[in-house]
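Structural overview
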Amino acid sequence: MPAVHHKLLLEDALQDSPQTRSLLSVFEEDSGMLTDYTNQLLQTLQRVFGAQSEMGLATEQLSQQLLDYEKKNFALGKGDEEVICTLQNFAKTVGELNSIHSDLASQMADSMVFPLIQFREKDLTEISTLKEIFSIATDEHEAAMVKYSRLPKKKENEKLKNDLVKEVAYTRRKQHQASLQYYCALNALQYRKRVAMLEPMLGYTQAQISFFKKGIELVSKKMETFLSSVSKMTQNIQAQLDVEAEAMRTSQKELLSVEDTVYMPDKDSDSVNRTLIQKAGYLNIRNKTGLVTTAWDRLFFFTQGGNLMCQPRGAVAGGMVLDLDNSSVMAVECEDRRYCFQITSPTGKTRSMILQAESKKEYEEWICTVNNISRQIYLTDNPEAVAIRLNQTAIQAVTPITSFEKRQEGSANPDRAKPGGVHASGSDSQKTGAAPEPEDLIAPGTPIQFDIMLPASEFQDQNRAGGRRTNPFGETDDCTTENDDSLLQQVFVVRFQGSMAVRCGDNQEVIYEAMRQVLAARAIHNIFRTTESHLMVTSSSLSLIDPQTQVTRISFQLEEVCQFAAHQENGRLMGFVVEGRDWSDGNEEGEPSFSAFVFESNTEGEKICYTINLAKEITEAKKDPEALAKLMKNMPLTNDGKFLLLEPETGNSNTGESQEDLESEA
């Protein structure tokens, strides 16, 4: 055992120099660390002792339970004599083991736990007490020295001086005695801590050796055969583990030999599968954390039947977040993030949510999957085949037609799309009380037009004829009689989303279905850019005007507009159905044809619908002068009495400075 080299010199205690105090602080720091370590070690040793005590109690209870089997008197226990005898032998063996465990616990308490408790309560507590006494004596000596230092030089008071000298001497002696005791205890602690650290482990080891000796004497002969069989089984398991480890190393090497693009986001080489009816993967979901603040969380989403499920990390199972039946999905621009799309459900507590995919492939597959589920394909007998068939039809239906010049030959009305597929009467879907099917509203395979390109010939004609140049404020260079008679003019800033032929014009559901197909087609083909226009509503017509050139792109008479409505969830979407005539079949009167037009506005679509409805009321009231006068009496007019005053359109609708190719929020 090496000697202790560091100790406090007792002869330096009276001088109490800074060097002595510095060395004392090292001893005190060592004492504090020793106290903390002793407490932690004692807790660990008490835990070992508690576990051993619990082991003794558990083996005692096990022995008693084995003996209780005979006392249960099972109704079907006939023939259990051998079992009962065997259990009694086990109980005897376990009882003997219990006595060994009890002896081990007793030895641990005496030779492992008790010495350390004694060291903590006696030595460490003594150090703490002496430190406090030394601190008090030092403070008293310092106070006495302060009083002594304040004795006056001119007016000496011998009595006061003698009293202070005695007080200094008393406190200095007291400090000297306290420091000597404190220094001796700290020096002795350097030896005692070594004994205190070794003695518990010595007792623990001796107790374990005694326990093992008694256990070997008890069970060694009975356990030889069993241990031999266990050894053979262990060797077999190790051989199997070696084979499995080699196979795993080979598999790991193969899996790590892939290209780096496998780990890169948005580097998918596989084509997009648009016929999925099930999808799972991680998505970012947009959550509102305040009135204007948002947060994005990365969660695991998957579809189950007609529901969108979400399972956070660490959760045992997922929960439903959205009902996808009859839902709509559309690509959106959100917070300058890529691959965002919005799902809107007509039912449920959560009506809509915005999600973000990791890659373009995942983004398109999620949109296609939600579209397939919204049609309830998963309820059919062969959903995969139905999804493939509908996808082929959808690809034909949503092939972009970027100009109104690209129409089928033989169409007599260039301002409306010709219905495709089988023609059906709009009243067929109304014969029953059930909601009409999408096929009854829009024929499968109907093409969609995503913009309105004015033909060059018509653009030149409008430039030549100044009277046809329309001002969104209702002012023209050549005021015609029609303009003078117009009682209503209102301009709305809109963005054209698309148009397509429909089968009926007397049901608002056809507008909702057209909106869904147009937005789905834009999402599938990644067509997000739209052109801003001015929609002018007058008491006689609807006109779509270029805000920069003031050229009318397309115009409809008000009596041709047979249906109009705003989207039920997205209030900025609105659409209307226009009725025309198709003379391609050779019929003199022509067959009725219907076309749906979908727009996105800067304001609520309901406001545009209200204005169109008001224009229709004015048109009907023109037939009866009294009804017209009664209607106009309740409507505010401009100062010249020409136009109705409506709430002005906000934004840049009146400036004519709107930019083209804006990103649509639909």
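Refer to the preceding data block for the structure.
An account of the accompanying structure is given in this report. Just so it is clear, the model here is predicted, and its values are computed rather than measured. (Residues numbered from 1 in each chain as written. Predicted model: local features only at pLDDT ≥ 70, side-chain atom pairs only at ≥ 80, totals over all residues. Heavy atoms only, no water.)

A few words now on unusual backbone geometry. Not every positive phi belongs to a glycine, and Asp16 is a case in point at roughly 55°. Turning to its location among the elements, Asp16 is positioned in the segment before helix H1 (18-68). Since its relative accessible area comes to 21%, Asp16 is described here as partly exposed. A positive phi angle is found at Asn326, which is not glycine, with a value near 60°. Examined against the element boundaries, Asn326 turns out to sit in the loop between strand E4 (319-323) and strand E5 (328-331). Overall, the relative accessible area of 56% leaves Asn326 in the exposed class. (Helix = DSSP H or I, 4+ residues; strand = E, 2+ residues; numbered from the N terminus. Buried < 20%, exposed > 50% of the residue type's maximum accessible area, 1.4 Å probe, protein only.)

Counting across every chain of the model gives 18 salt bridges. Residue Arg21 pairs with Asp16 through a salt bridge whose shortest N-O separation is 2.7 Å. Measuring nitrogen to oxygen at the nearest pair gives 3.0 Å for the salt bridge that ties Arg192 to Asp123. Of this pair, Arg192 sits in helix H3 (residues 158-255) while Asp123 sits in helix H2 (residues 81-149); the two residues are 69 residues apart in sequence, bridging distant segments of the chain. Note on Arg192: relative accessible area 37%, which makes it partly exposed. Note on Asp123: relative accessible area 9%, which makes it buried. Bridged by salt links that share partners, the residues Lys279, Lys361, Glu362 and Glu365 form one connected network. (Salt bridge = Lys/Arg side-chain N within 4 Å of Asp/Glu carboxyl O.)

Grouped together as the largest cluster of nonpolar side chains are 30 residues, with contacts concentrated most on Leu24, Leu116, Phe119, Tyr182, Leu186 and Met197. Every element with two or more residues in this core is listed here: H1, H2 and H3. Tallying contributions element by element places H2 first for this core, with twelve residues. Not counting residues up to four positions away in its chain, the partners in contact with Leu24 are Leu8, Phe134, Tyr182, Tyr183 and Leu186. One finds Leu441, Ile448, Tyr512 and Val577 within the second-largest nonpolar core, a separate group that totals 27 residues. (Core = buried A, V, L, I, M, F, W, Y, C linked by side-chain atoms within 4.5 Å. Contact = heavy atoms within 4.5 Å.)

What follows deals with the pairing of strand E7 (residues 352-356). E7 sits mainly inside the fold: four of its five residues count as buried. Sheet topology places strand E1 (residues 280-288) next to E7; two bridges connect them, and they run antiparallel. The partner of Asn284 across the bridge, within E7, is Gln356. Here five bridges tie strand E6 (residues 340-344) to E7, and the two strands are oriented antiparallel to one another. For Ile343, the partnering residue across the bridge sits in E7 and is Met353. (Pairing = 2+ DSSP bridges.)

With that settled, consider helix H9 (residues 509-524). Taking 1.5 Å per residue as the helical rise, H9 with its 16 residues ought to reach 22 Å, and the 22 Å between its terminal C-alpha atoms agrees with that figure. Counting buried positions along H9 yields 15 of 16 residues, so the element is predominantly enclosed. (Expected span 1.5 Å × (residues − 1).)

What follows covers the pairing of E5. Neither face of E5 is left uncovered, since the one carrying Ser328 and Met330 and the one carrying Val329 and Ala331 both have all their residues buried. Bridge count between E5 and E6: four bridges; the pairing is antiparallel. Of the residues in E6, the one forming a bridge with Val329 is Ile343.

Attention shifts here to the packing of aromatic side chains. Using the criterion set out here, one finds 13 aromatic pairs in the structure. Here Tyr339 and Tyr363 contribute two aromatic rings whose centre-to-centre distance is 5.7 Å and whose plane-to-plane angle is 40°, an arrangement assigned as tilted. Placement of the pair is Tyr339 in the loop between E5 and E6 and Tyr363 in helix H4 (residues 360-374), with a sequence separation of 24 residues. Neither residue differs from the other here; Tyr339 and Tyr363 are each classed as buried. The rings of Phe496, Phe556, Phe576, Phe597 and Phe599 are connected pair by pair, giving a single aromatic cluster. The ring of Tyr282 has Arg298 sitting right over it, with the charged end atom 4.4 Å from the ring centre. (Phe/Tyr/Trp six-rings, centres within 6.5 Å; stacked < 30°, edge-to-face > 60°. Lys NZ or Arg CZ within 6 Å of the ring centre and 35° of its normal.)

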